[in-house]
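Below are the chains, spelled out letter by letter.
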Amino acid sequence: MTLRRRLAYAGAGLTAVGLLVAGLLVPLSMAPAESAGTYRVTATRDAIAEDGTSTTLDQRTVSMDVSQTTNLRGRQQVTVSWSGAHPTGGTVADVNSAAGAGEEYPFVLLQCRGTASGDNAVRPETCWTQTWAERFQRSSSAWPVWRADAYADTDARGSAVGAPDPRPELCFGAARSERWLPFDAVDGTTYAGGSAGCAGMAPESANVDGSGLPSNTTYGITGSDGKGSEQFTVFTADENASLGCSSEVPCSLVAVPVMGVSCDGFGTKLPEESRPTAAAGARADTLCRAPDVYQPGQIATTGTDSNLAVSGSLWWAPSNWRNRITVPLTFAVSSSVCSVLNSDAPLTAYGSVLFSDISAQWTPKFCTDDRLRPFVHVQAADTAARNLITAGTASMVLSSRAPDGGFGKPVVQAPVAFTGFAVAYNVDDSTGRPAKTLNLDARLLAKLLTQSYPANSLVGDNYPALARNPMNITKDPEFIALNPGLPQYDAVEAASTIMTLSTETDMTAALTSYIDADPEARKWLDGVPDPWGMVVNPNYLRIDLPVSSWPQLDEFVLPQSIIDAKVNPCYSYSPSPYLGLIANPTGFVQNVVQNIQYSMSNVNIACPNGDSSDVTTLRLRTQGRQQPGNRFVLGVVPLTAAYRYSLRTASLQTTSDVSASDKVADAAGRTFVAADDAGLKAAGALLKPDEESGTWDLDYAQLHETAGAAAYPGALPVYADVPTTGLDKATAKRAAQLLEYAATSGQQAGTGNGQLPPGALPLTEANGLSALAAYTHRAAAAVLDQKGEVPKLVPDDPDPTPSPTGEPTDDPTTTSPVGPGTTTPLTPPATGGSPSAGKPGKGATPKPAETDVIRTVGAESSFGGIGLPVVLLAGLVVGVAGLSLRFTGRAVQLGRTAGPALARRVRSGGRRVRR
Amino acid sequence: MTAPAPERPRPTAVRDLPTDTAQLPRPARGFSEVALGQTMIVLGLVTVWALAYLFLLSGFQQGHAQHRLYAQLRTELALGEAPAGAPIALGAPVALVSVPDAGVHDLVVVEGTTPAVLQQGPGHQQGSVLPGQAGVSVLMGRALSFGGPFKDVPQLRVGDPVEVTTVQGTFRYEVSGVRRKGDPVPPALADGQGRLTLVTAAGEGRLAGLGPSRSVYVDATLTGDAQPAGAVAAIDPNGSPFAHDAGFTTLAVLVLALEVLVAAVLVVAWARHRWTPLAAWVAGVPVVLAALWLVSSAASRLLPNLV
């Protein structure tokens, strides 16, 4: 062995050890950032007697879990659960409403700008509340409860604290005692608030209890066992610019377990001159120690004021605030960073809505990592997007099916993700709390889609074909059998439909394929009534499935007598098919997601303030937010969106050994599969390569056999369709790079930028999907070549992964082609220790993990570099060449003929010109 | 009525002078060669003009624009009418900047960073706050042409002062670092802090002065209190670093300017035949130069905005 060879091996060995160490370090350093922790605090409530002795009234150890605190994105929901808190009384249905502040001993969750400690620590002034009532108190008594707060400063116990000076004219005269809690916006503006917001509120503030999106301030309800759990929605600067949280501006989730104001009614902690009189002190002490109005768990009654000393209204009181738990939140760099950082036009990928959450995590990575070229995902109808490929106007399309007639040219369909659709729901159980599970089978989905529930008595009484059907799904014995214990509604139209997309999407095609393959559902669609006698809407009888967008076929218009009676003036003004208004499919998947998240009914039959004499008021509107406690909405959404927004998803039926004619009373004999990784993994095993179409298809027939019993029926791969001929070199390189990324680094599960979001199953060996990733790898090579070649799904070569050949080299950057699951060329090798440690600059705020360190991308211009020198050089060359061409020959000749000839020539030339 | 008698033809005069039968001198080379030579000379002259314009004349143009903008901004500052937040018209003066160590003295900053706007002076990037306000404010300036107002900015050192005057007051920044591609972006700003980022281009290697090919970012931290941020305009994709403007308007203006130039040249050529050459030159050169200047000004918008 030569010395050179030996050195090469030593180098390779060292590199391998280095990579191994780095590989071990990465998960170690990532672990604390990824896991969301448990937080604990000991909360106390004290009381100080007239003689200054302090006694502890109540002491509790509260611990709290937060499901996710890093890489948060706008409007994302995190689950907060806690134990050990004081049970809540006077509970309200909508814990996000201002009415929640009236609860006794609520567990208040707030989003505040700032960190847990230090100069930039959270203050009540930086915490977001949507209404003025949550940050203003006034009283006609001299010593209200908040002035008896033992932990408040002397200044904060004055009679009018925080009032703006001068007092705005809109605000009424000052009450005897007032406490203002202004809101400090991120731009430095202070909004004083005040009664009805008279001194100014942040623009995002509004009383939105009826419509629009609710606040994220949550007055969580603690059960009698001291435990509770709520969903908390985080706002970024995009949703709430005044609060202004972003990857740059640190924010925290602050939990204030309200224990009650610690009483110092006699003012023993105040200086002599500020103390109340003995009589006033005794009154203040009694007021502060007043008994609770409600029992734990009791529902608030209108007109009964709760005990202010222990209510959520005083979440900001120092006695409560000091018991807070502050959980720092870090936000992912959003894709808006791309427009700031990059000047080169991104590669545009049209299509699939299923990919939108994945591209939300991938695009910031692609535009901040200078090894990757940016791309942008433009959501479009799948069918139309695939046509763009055929027409040659798009260089990449994301979709989940092969086009029916083929592309008409060589196109690779490279799998980039394995995700699917979910039936998301926001349904309350009979106790008024969100239902934890929901089981649906294909026949119930068919009933919802075919508009076979009458929805309300207007239809039920006048549409004979549906007259015998249950009013809505909650009244359907089949649904009751599968989901016992849910409340039944008489007139909730939203419970008779399911929100879908009106545009063409492969998600709908997959949903209808599932229904089509289900024997029960297909039979029912073909006209056989279900065991309880429910029949299909005749307009959808024997409908041909699958379809890419659900057709609106029902044409039932309410009878003329009802229209003339103007019960619903908006509808009477413009009568249209009524069940279509109830289904009201939307054009944007984000609308469906948002409607489910906030339980907004999309049924388009509301006519608020409809006045027959004024046509401008006669526009039908959607019903809007449902009252918490009586929520029922269903919708079809991408699985990744369901995970990102913490939407609950229904389990879908696969197999059933129940006879189709049995009037079942429970879910026995049926298998329901939840929309989770296990269900996706089992579905992945059912994928079959179809060389003819060039895709892996889910075999829906197998779902109803034992082999597919555990498979989630909503599973669906997403393919990147890229032509392998006709692309210019630069575009081909970019497309190939994206495919290569999708085949390797992109399949790392996580919530960070560049990772694969939850709800998509990584295409790895462990998940049995390595063949898909390997194909994408081969497809990337074919795209790069642009020779019109489309690799076969299953290579003829028995060993699909090319094994590394050749000898190890001493160049550590050269990596041989790799299969998924190993080190990839695109993952930056973690050299130089912990990735989060390399941040220079003093006084740096804590930065999120490695994926979020922003590096200067910079811009370059080759023209700027060589343009001017080249122009200068070219100009010189051309000028000299021109001069020599023009004059050298003549100069020689002139030299020969010399003086007189020249003179004559010049003279004659001059004459010629003048003539 | 009698017609006048026709004039008699003159008697034919016979010339008996000796005839010059000598061959006329012919060009030494063929017509095509002469034409090629002429074309190349003209090309060479155009190049010389282009370079002269970019390095020298465009500087005068910016100086002229600055003179006008300074007068406008001075009035607006005195009246308190200068903008403090969006919307600001593209090209309107917004601030006065001085970077003594980079040879920038009281230059007027204009709104926007499109190539056309940067012909008038340093530009304030839309999408960032105005200087002096809390947040990051970005100013871009050319490194080479139009006087190269920011050509010495990459040579700034940590601690060098930057002074900006807006309608909200005079703000002093201190340079905190120079970064190029791949360098970490400075940490996030705390509440109420301000940062000014000067963006220009610089070259590499031997021809660095001639070829500003990469963007350079100079960060400066506000000393003292920032004003609250005003409204911010939407980011303008036509104003990103090295953006060039080959839009319809620019091309249309360029075509019109070229038409004027061609017309001017034709008129001068015609005049040279009709008048004396001297008169044609005296009258024609200023017209042609003005047209050429118009063409150059429009054509330079096709170049990257930081060059």
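All values derive from a computational prediction rather than experimental measurement.

So, how was this worked out
- Residues numbered from 1 in each chain as written.
- Chains lettered and ligands numbered in written order.
- Predicted model: local features only at pLDDT ≥ 70, side-chain atom pairs only at ≥ 80, totals over all residues.
- Heavy atoms only, no water.
- Patch = residues over 30% accessible without salt bridge, like charges linked within 9 Å, V, L, I, M, F, W, Y side chains within 5 Å.
- Areas by Shrake-Rupley, 256 points an atom, 1.4 Å probe, with all protein chains shown as cover.
- Salt bridge = Lys/Arg side-chain N within 4 Å of Asp/Glu carboxyl O.
- Helix = DSSP H or I, 4+ residues; strand = E, 2+ residues; numbered from the N terminus.
- Buried < 20%, exposed > 50% of the residue type's maximum accessible area, 1.4 Å probe, protein only.
- Disulfide = S-S within 2.5 Å.

> Looking at this model, I keep getting lost on a nonpolar patch on the surface. Mind explaining?
Together, Phe55, Leu56 and Phe60 of chain B make up a nonpolar patch on the protein surface, roughly 320 Å² of accessible area in all. Position of leucine 56 of chain B among the secondary structure elements: in helix 1 (residues 31-79).

> When you look at unusual backbone geometry in this model, what are you seeing that I'm missing?
For residues besides glycine, phi is generally negative; the peptide bonds are generally trans as well. Looking along the chain, the bond that leaves aspartate 165 of chain A and enters proline 166 of chain A is cis, with omega of 5°. The linkage connecting leucine 545 of chain A with the following residue, proline 546 of chain A, adopts the cis geometry, with an omega of 0°. Positionally, proline 546 of chain A belongs in the loop between helix 11 (519-525) and helix 12 (560-565). Here the phi dihedral of asparagine 584 of chain A falls at roughly 40°; this positive angle occurs in a residue that is not glycine. Note on placement: asparagine 584 of chain A falls in the loop between helix 14 (578-583) and helix 15 (589-597). Even without being glycine, phenylalanine 146 of chain B reaches a positive phi, approximately 50°. With respect to the helices, strands and loops of the structure, phenylalanine 146 of chain B is situated in the loop between strand 4 (135-140) and strand 5 (161-166). Note on phenylalanine 146 of chain B: relative accessible area 0%, which makes it buried.

> How do you make sense of the state of the cysteines when you look at a structure like this?
The bond known as a disulfide is covalent and runs between the sulfur atoms of two cysteines. Residue and element names in this part refer to chain A. Taken as a whole, this structure holds 5 disulfides over all chains when the rule is applied. Here cysteine 112 engages in a disulfide with cysteine 127; their sulfurs sit 2.0 Å apart. Disulfide cysteine 112 to cysteine 127: torsion about the S-S bond roughly 100°, handedness right-handed. Taken together, the residues cysteine 112 in strand 4 (residues 107-113) and cysteine 127 in the loop between strand 4 and strand 5 (136-139) connect sequence positions 15 residues apart. Its relative accessible area of 0% is what places cysteine 112 among the buried residues. Two residues, cysteine 570 and cysteine 607, share a disulfide whose sulfurs are 1.9 Å apart. Looking along the S-S bond of the cysteine 570-cysteine 607 disulfide, the torsion reads about 75°, which is the right-handed sense. Placement of the pair is cysteine 570 in helix 13 (residues 569-573) and cysteine 607 in the loop between strand 19 (600-601) and strand 20 (624-625), with a sequence separation of 37 residues.

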